[in-house]
Amino acid sequence: MTVVRGLREALVLFVVALVAVAVAVGVWTVVGGGDFVFRFGVALIVVGTLLGLTGDLTLSRIGMLPARATFGLAPEREDAGGGRVLTGVGIFLFVSLPLMVVGVTVLA
């Protein structure tokens, strides 16, 4: 059951990212002119990369380590919080990587 919830969460994140990128690139194309398809492909690759790097809050955890150590707090747990099922690896494999693949396919 957890696998189905994780795949459903990945699908929702993927579709939301596609729609958000399409809207942003649409506005960018209307304002600046140019080719929608090329910009869409590049934007998908950029968003996929950024989501892969920051999707599991690792960067914010690393930034908080000195502060937590100063106050004598234990490191944060590696669990996905807030009702999320996907971990950072799941977000990378099932959301970021497909976004990048679609972006490269659109550019080709």
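Refer to the preceding data block for the structure.
**Description of the packing of aromatic side chains**
So, point 1. Scanning all chains against the criterion turns up one aromatic pair.
So, point 2. Pairing F36 with F40 gives two aromatic rings, centres 5.5 Å apart and planes at 10 degrees, and the pair type is stacked. In this pair, F36 and F40 both sit in helix α2 (residues 36-54), four residues apart, roughly one turn of the helix.
So, point 3. The positively charged end of R39 is found above the aromatic ring belonging to W28, 4.4 Å away from the centroid.

**A short note on the packing of helix α1 (residues 2-32) against helix α4 (residues 88-107)**
So, point 1. Where α1 contacts α4, the two axes come as close as 9 Å, and the packing angle between them is 40 degrees. Considering the angle they form, α1 stands oblique to α4. When the axes of α1 and α4 are compared, the crossing they make is right-handed. Residue-level contacts link L7, A10, L13, F14, A17 and L18 of α1 to F94, V95, P98, L99 and V102 of α4.
So, point 2. Of the residues assigned to the contact of α1 with α4, the class counts are 11 nonpolar, no polar and no charged.

Definitions and cut-offs
Residues numbered from 1 in each chain as written. Predicted model: local features only at pLDDT ≥ 70, side-chain atom pairs only at ≥ 80, totals over all residues. Heavy atoms only, no water. Phe/Tyr/Trp six-rings, centres within 6.5 Å; stacked < 30°, edge-to-face > 60°. Helix = DSSP H or I, 4+ residues; strand = E, 2+ residues; numbered from the N terminus. Lys NZ or Arg CZ within 6 Å of the ring centre and 35° of its normal. Axes fitted to C-alpha atoms, helices over the stretch in contact; angles between N-to-C directions. Parallel < 35°, antiparallel > 145°, perpendicular 65-115°, else oblique. Left-handed = near helix turned anticlockwise from the far one by under 90°. Contact = heavy atoms within 4.5 Å. Nonpolar A, V, L, I, M, F, W, Y, C, P; charged D, E, K, R; others polar.

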